[in-house]
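Listed below, chain by chain, are the residues.
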Protein chains: 2
Amino acid sequence: MKLFHIITTIFFGAPIFSGPAFADALEGKSSPSEILARSSDGDWRSIPAENLIVLTLNSGEVLIALAPDVAPAHVANFTALANNGFYDGLSFYRVIDGFVAQGGDVFEERENGPAPLKAEFDAPLKDGVNFSPIPDADGYADRVGFHNSFPAGIDEDKKRTWLLHCAGALAMACDTQRDTAGAEFYFTLQPQRYLDRNLTVFGRVMRGMEHIQLLRRVSPPEEKDDDRGEEIVSMRTADRMAEPGNYELQILRTDTPLFAEYIESRRSRPEAFFYHRPGHVDVCAVPVPVRDRSSEGE
Amino acid sequence: MKLFHIITTIFFGAPIFSGPAFADALEGKSSPSEILARSSDGDWRSIPAENLIVLTLNSGEVLIALAPDVAPAHVANFTALANNGFYDGLSFYRVIDGFVAQGGDVFEERENGPAPLKAEFDAPLKDGVNFSPIPDADGYADRVGFHNSFPAGIDEDKKRTWLLHCAGALAMACDTQRDTAGAEFYFTLQPQRYLDRNLTVFGRVMRGMEHIQLLRRVSPPEEKDDDRGEEIVSMRTADRMAEPGNYELQILRTDTPLFAEYIESRRSRPEAFFYHRPGHVDVCAVPVPVRDRSSEGE
């Protein structure tokens, strides 16, 4: 029975290890999964409940970590809108396959919408900022790596940093003029790196990305009676949920020796399965594992 | 009304042009959409009906172009299985979000299944092969570009070429041993370039990728009564369909001056929308437009 033909990774969670492919790591080197299996508690970081959005859809919950140190005004604005119930009952009205799922208040019918936001396309790269580069060259940035577990780029001359449009990025839409973002947000369904620093990325999906990927495809409605897409049942930070203890997520730290070894193993792929070891890793193709500590289940 | 906040591209079709973002190309340079708008019939190539698979799902049809010049044995095997009705009534039994959708005969219950296939991880790069490189460096291959409109890589020393695991690639699964592929196939839901040359890619989705992306997520069944995922209603080459005239697709040629200009514009993004012009393009992020000539509608 050929159940396990190719290696399984879950993009937004821990890899699962299927079949014999991982059994024969060559040259005594550990596979990515073996490295993760020996992580200790110090290799993980809790995601603060006030920076974790719970987006409830009819199909399930999506958990999104916010990045207030990179885009503080966007995070403050989005958090306030969510916790005021602004998004409840709105919809994902623009879902373009292979591109983005965009939601919000398409006809600007809600009162108490936000004032336009100043762009936060990038942020100062302060001394001592927690940026861990990967060794591989990247076409879109001087250097890429991870900033507090978020995929990020830096401009070394200008000393700026920004989050990347990898799949599952949360960003704020804007008009063709800068500083016009407000309430309309999108998730990238695929990497869209050419948008980096042209829109403000301020978070990333940690759990439930399948619910975003499975949203019904829909073009933006032109008339109020047109299909507005699937409903946003509610959106709140985890600390405002009825049972905040259900949302105790931890993400793998990216500033540790263990993570550096994990990156190296994803670059070299020592498992016997690989005839052609890539010797390279694309920053958007690195799953940063997330674990659920809500019930000590994992 | 903020309908059109960010630029729209459909990954597997022609970009659609929404809102004012494309109105102000800078420096007299054309945007990707403007370049495509002046394509002539000679810039397009028909996809032969015998190399175009029609995969019928309950949600709709998916059209997949095959690449017999890169993986002839895989194409011959897959075409024969499809046209013998082998896949009809089977299912997508392994659909992992952000990774792959795998289908076929999970418990090997069908008779007349294939003998194991020899791997065709890469193919000779013959003199005069229609490979059009893009200028940008790539981490996974000496050089990347397009081979008869398929994203492809080459090894310049070994004179080999292969198709890439971009989103929408069709490849054959195999066990951990080489030369064990047969009937179990998968589509990549995201780029998975680390799998290049470790499995045989032999085609790519041209139309209907949303039906693949929307397949119900499911883990491989362990018992015969377990959920086997969504059904493959039928699979045939277009020339075997009741109305083959419904499947007359053309794809943009990638060996033309127009395509080179299109790539250059995707690298530089001259539109006024862009504050940070990328100056780079990832080969998997280039939509190769497809048009439907079935009814002269497009």
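Residues numbered from 1 in each chain as written. Chains lettered and ligands numbered in written order. Predicted model: local features only at pLDDT ≥ 70, side-chain atom pairs only at ≥ 80, totals over all residues. Heavy atoms only, no water.

## Quick notes on the overall build of chain A
Scanning chain A for helices and strands turns up 4 helices and 16 strands. Burial analysis of chain A (298 residues in total) assigns 61% to the buried set. Taking the intrachain contacts of chain A between residues at least 6 apart in sequence as the baseline, contacts between residues at least 24 apart amount to 70%. Summed over all atoms, the accessible surface of chain A reaches about 11200 Å², with 46% contributed by carbon and sulfur. (Helix = DSSP H or I, 4+ residues; strand = E, 2+ residues; numbered from the N terminus. Buried < 20%, exposed > 50% of the residue type's maximum accessible area, 1.4 Å probe, protein only. Contact = heavy atoms within 4.5 Å. Areas by Shrake-Rupley, 256 points an atom, 1.4 Å probe, with all protein chains shown as cover.)

## Quick word on the sheet that holds strand β16 (residues 290–292) of chain A
Residues and elements named next belong to chain A. Strand order across the open sheet formed by 3 strands is β1-β15-β16, with antiparallel pairing between neighbours. Each having just a single partner strand, β1 (44–46) and β16 make up the two edges of the open sheet. Across the sheet, the mean angle from the axis of one strand to that of its neighbour is 30°, orientation sign disregarded. Across 3 bridges, strand β15 (residues 249–252) lies against β16 in antiparallel orientation. Across the sheet, the residue bridging to L249 is D292, located in β16. (Pairing = 2+ DSSP bridges. Axes fitted to C-alpha atoms, helices over the stretch in contact; angles between N-to-C directions.)

## A word on the state of the cysteines
In protein structure, a disulfide is the covalent linkage between the sulfur atoms of two cysteines. Residue and element names in this part refer to chain A. The full count for this structure, using the stated rule, is 2 disulfides over all chains. One disulfide bridge connects C166 with C284, the sulfur atoms lying 2.1 Å from each other. One quick way to see it: the torsion about the S-S bond of C166 and C284 is about -80°, and its sign makes the bridge left-handed. One end of the pair, C166, is in the loop between β10 (160–163) and β11 (169–172); the other, C284, is in the loop between α4 (257–268) and β16, and 118 residues separate them in sequence. The exposure classification of C166 matches that of C284, with both residues buried. C166 supplies the cysteine sulfur nearest to C174, a cysteine that is in no disulfide, at a spacing of 19 Å. (Disulfide = S-S within 2.5 Å.)

## Things to note about the environment of B:Y93
Looking at the element boundaries, B:Y93 is found in strand β4 (residues 91–95). Taking the C-alpha atoms as reference points, B:Y93 and B:T56, separated by 37 residues in sequence, lie 16 Å from one another.

## Notes on the packing of aromatic side chains
If you walk through the whole model with that rule in mind, you get 26 aromatic pairs over all chains. When the ring of A:Y275 is compared with that of B:F121, the centres are 5.6 Å apart and the planes differ by 40°; the resulting orientation is tilted. Here A:Y275 is found in the loop between α4 and β16, whereas its partner B:F121 is found in the loop between β5 (100–104) and β6 (123–124) on a different chain. Here A:Y275 falls in the partly exposed class, since its relative accessible area comes to 31%. Relative accessible area serves as the criterion here: at 5%, B:F121 is assigned to the buried category. Taking the centre distance of 5.4 Å and the plane angle of 85° together, the rings of B:F273 and B:F274 count as edge-to-face. For the pair B:F273 and B:F274, a shared accessibility class is recorded, and that class is buried. Aromatic ring contacts, followed pair by pair, group A:F78, A:F86, A:Y87, A:F92, A:F185, A:F187 and A:F202 into a single cluster. In this structure, B:R178 packs its charged tip against the face of A:Y275, placed 4.9 Å from the ring centre. (Phe/Tyr/Trp six-rings, centres within 6.5 Å; stacked < 30°, edge-to-face > 60°. Lys NZ or Arg CZ within 6 Å of the ring centre and 35° of its normal.)

## Examining α4(A)
Residues and elements named next belong to chain A. End to end, α4 covers 17 Å across 12 residues, agreeing with the expected 16 Å (1.5 Å per residue, within 8%). Looking only at α4, the buried set comprises L258, F259, Y262, I263, S265, R266 and R267. On its buried face, α4 is in contact with α1 (32–37), β8 (143–147) and β15. (Expected span 1.5 Å × (residues − 1).)

## Some thoughts on the side chain of A:S31
All names here are of chain A. Position of S31 relative to the elements: it lies in the segment before α1. Residue class for S31 comes out buried when judged on its relative accessible area of 0%. A polar side-chain atom of S31 sits 2.9 Å from a polar atom in the side chain of S33. (Polar contact = N/O pair within 3.5 Å; in protein donor to acceptor, adjacent residues only side chain to side chain.)

## Notes on a negative patch on the surface
All names here are of chain A. A surface patch of like charges, here negative, comprises E222, E223, D225 and D226. Here E223 shows up in the loop between α3 (209–213) and β14 (230–237). The class of E223 is exposed, set by a relative accessible area of 52%. (Patch = residues over 30% accessible without salt bridge, like charges linked within 9 Å, V, L, I, M, F, W, Y side chains within 5 Å. Salt bridge = Lys/Arg side-chain N within 4 Å of Asp/Glu carboxyl O. Lys, Arg positive; Asp, Glu negative; His and termini not counted. Charge placed at Lys NZ, Arg CZ, Asp CG, Glu CD.)

## Regarding the pattern of salt bridges
Residue and element names in this part refer to chain A. Inspection of every chain in the model, using the stated rule, returns 30 salt bridges over all chains. Among the salt bridges present, the one from R143 reaches E156, with a minimum N-O distance of 3.6 Å. Of the two residues, R143 is situated in strand β8 and E156 in the loop between β9 (150–155) and β10; the sequence distance between them amounts to 13 residues. Residue class for E156 comes out partly exposed when judged on its relative accessible area of 40%. Among the ionic pairs, E271 bridges to R269, the shortest N-O distance being 3.0 Å.

## Some points on the sheet that holds strand β13 (residues 200–207) of chain A
Residues and elements named next belong to chain A. Read around the closed barrel, 8 strands run β2-β3-β13-β11-β12-β5-β4-β14, paired in antiparallel fashion. Between one strand axis and the next, the sheet turns by 35° as a mean value, whatever way the strands run. Where strand β2 (residues 52–57) and β14 come together, 5 bridges link them in antiparallel fashion. Each residue of the ladder has a partner; that of T56, found in β14, is S234. Where helix α2 (residues 72–83) meets the sheet, it contacts β2, β3 (60–66), β11, β12 (185–188), β13 and β14, and its direction lies at approximately 110° from that of β14.

## What about the pairing of β11(A)?
Residue and element names in this part refer to chain A. Neither face of β11 is exposed, since A169 and A171 on one face and L170 and M172 on the opposite face are all buried. Inspection of the sheet shows β11 paired to β13 by 4 bridges, in the antiparallel sense. Bridge pairing in β13 links A169 to R204. The sheet contact formed by β11 and β12 spans 3 bridges and is antiparallel. Following the sheet pairing, A171 is matched in β12 by Y186.

## A closer look at the pairing of β3(A)
Residue and element names in this part refer to chain A. Taking burial as the measure, the 7 residues of β3 include 6 buried ones, the bulk of the element. Here β2 runs beside β3; their pairing, made up of 6 bridges, is antiparallel. Note that in β3 the partner of T56 across the bridge is E61. Counting the residues that bridge the hairpin from β2 to β3 gives 2 residues.

## Here we look at the environment of B:L195
Secondary-structure assignment places B:L195 in the loop between β12 (185–188) and β13 (200–207). Distance from B:L195 to B:P116, taken between C-alpha atoms, is 20 Å for residues 79 residues apart in sequence. When neighbours within four sequence positions are excluded, B:L195 is seen to be in contact with A:F273, A:F274, B:F99, B:H165 and B:Y186.

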